[in-house]
Amino acid sequence: MPGCEALGEYRAPKSRRDLNHYWWFCLEHVRAYNSTWDFYKGMSPGEIEAQLRADTAWQRPSWPLGRLGSASAWDEELVRDPLHLLAAGRVKRGPIRPKQDMPPELREPLATLGLSWPTTLDAVKTRYKELAKRHHPDANGGDRAAEERLKIINLAYAALRSRLVPVPSVAAAG
Ligand SMILES: [Zn+2]
């Protein structure tokens, strides 16, 4: 990982289609890489790097040791908004409390869409449409940064959609 001076002792496959070739990371970064495996699927190493660097730059100078990938570490302090979607788009961020049943691989996609767990497929779709419209390059004068943001939003949406099942509206109470 660029900028990381720790020894790369842990390997992780480069992609699902290329399981025999590996990136070598330090423990901290291999954890980060593994925890975002689904989310970054299909992104080039350069895009993943840029994303991880944006995360760390925005949040703190280095990864919080031992806290990544732990569901119990999910709290307001750790909510990351790498693209500043929440701040820039005035998306209302609901209260976020520790939820033991939140799949850890959904943490990043949820943060990207500014959603808290638990959520529903309907809520995800609604938020996705809202963000996709706002960050569409056509709505931003063909801005390349908007295009990149939309790409991240699409990835987050795909990750969430694949894990959430439609819930009948009659079961919404509770
Ligand atoms: Zn490292």
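Up top is the structure.
Enquirer: Give a description of the overall build of the protein chain that names residues and reports values.
Expert: Across its full length, the protein chain carries six helices and two strands. Across the protein chain, helices and strands are ordered from the amino to the carboxyl terminus as β-β-α-α-α-α-α-α. Considering only contacts within the protein chain whose residues lie at least 6 apart along the sequence, 46% involve residues at least 24 apart. For the protein chain, the computed accessible surface area is about 10300 Å², with 53% contributed by carbon and sulfur atoms.

Enquirer: How would you summarise the coordination of the zinc ion if you had to cite specific residues and measurements?
Expert: Around the zinc ion, the protein contributes the donor atoms Cys4 (SG), Cys26 (SG) and His29 (ND1), at 1.9 to 2.2 Å from the metal centre. The sequence motif formed by the donor residues of the zinc ion is C-x21-C-x2-H. For histidine 29, a relative accessible area of 9% puts it in the buried group.

Enquirer: An account of the pattern of salt bridges is needed here, citing residue identities and associated values.
Expert: Evaluated as defined, the whole model comprises five salt bridges. With a closest N to O distance of 3.4 Å, glutamate 148 and arginine 144 form a salt bridge. Taken together, the positions of glutamate 148 and arginine 144, both in helix H6 (residues 144–163) and four residues apart, correspond to about one turn of that helix. Among the salt bridges present, the one from lysine 151 reaches glutamate 148, with a minimum N-O distance of 3.3 Å. Within this pair, lysine 151 and its partner glutamate 148 are both found in helix H6, separated by three residues, close to a single helical turn. Judged by its relative accessible area of 35%, lysine 151 falls in the partly exposed class.

Enquirer: Can you tell me about the packing of aromatic side chains, naming the residues and giving the values?
Expert: Applying the stated rule across the entire model yields two aromatic pairs. Ring geometry for phenylalanine 25 against tyrosine 33: centres 4.9 Å apart, planes inclined by 35°, an arrangement best described as tilted. The exposure class of phenylalanine 25 is buried, given its relative accessible area of 6%. A relative accessible area of 7% places tyrosine 33 in the buried class. Here the aromatic rings of tyrosine 128 and tyrosine 157 are separated by 3.8 Å at their centres, their planes lie at 5°, and the arrangement is stacked. Placement of the pair is tyrosine 128 in helix H5 (residues 121–134) and tyrosine 157 in helix H6, with a sequence separation of 29 residues. Its end group placed over the ring of tyrosine 22, arginine 11 keeps NZ or CZ at 4.0 Å from the ring centre.

Enquirer: Break down H5 for me, citing the residues and quoting the values.
Expert: Spanning 14 residues, H5 covers 20 Å between terminal C-alpha atoms, matching the ideal 20 Å at 1.5 Å per step. Burial in H5 covers these residues: Leu121, Val124, Arg127, Tyr128, Leu131 and Ala132. An end-on view of H5 places all buried positions within 130° of arc, on one side of the element. More than 90 degrees from the buried face of H5, the exposed residues found are Asp122, Lys129 and Lys133. In this fold, the buried residues of H5 make contact with helix H4 (107–113) and H6.

Enquirer: Go over the environment of arginine 11, please, and point to the residues and values.
Expert: Position of arginine 11 relative to the elements: it lies in strand S1 (residues 10–15). If we skip the residues at most four places from it in the chain, arginine 11 touches Tyr22, Trp23, Trp24 and Val30.

Enquirer: Run through the nonpolar core, naming residues and quoting values.
Expert: Membership of the largest hydrophobic core comes to 17 residues, with the highest contact counts inside it found for Leu110, Leu113, Trp117, Val124, Leu160 and Leu164. Those elements that provide at least two residues to this core are H4, H5 and H6.

Enquirer: Kindly report on unusual backbone geometry, identifying the contributing residues and their values.
Expert: At the junction of tryptophan 117 and proline 118, the peptide bond is cis and its omega measures out at 0° in the coordinates. Mapped onto the elements, proline 118 comes out in the loop between H4 and H5.

Rules behind the numbers
Residues numbered from 1 in each chain as written. Predicted model: local features only at pLDDT ≥ 70, side-chain atom pairs only at ≥ 80, totals over all residues. Heavy atoms only, no water. Helix = DSSP H or I, 4+ residues; strand = E, 2+ residues; numbered from the N terminus. Contact = heavy atoms within 4.5 Å. Areas by Shrake-Rupley, 256 points an atom, 1.4 Å probe, with all protein chains shown as cover. Donors = N, O, S within 2.8 Å, 3.2 Å for Na, K, Ca; no water. Buried < 20%, exposed > 50% of the residue type's maximum accessible area, 1.4 Å probe, protein only. Salt bridge = Lys/Arg side-chain N within 4 Å of Asp/Glu carboxyl O. Phe/Tyr/Trp six-rings, centres within 6.5 Å; stacked < 30°, edge-to-face > 60°. Lys NZ or Arg CZ within 6 Å of the ring centre and 35° of its normal. Expected span 1.5 Å × (residues − 1). Arc of directions from axis to C-beta. Core = buried A, V, L, I, M, F, W, Y, C linked by side-chain atoms within 4.5 Å.

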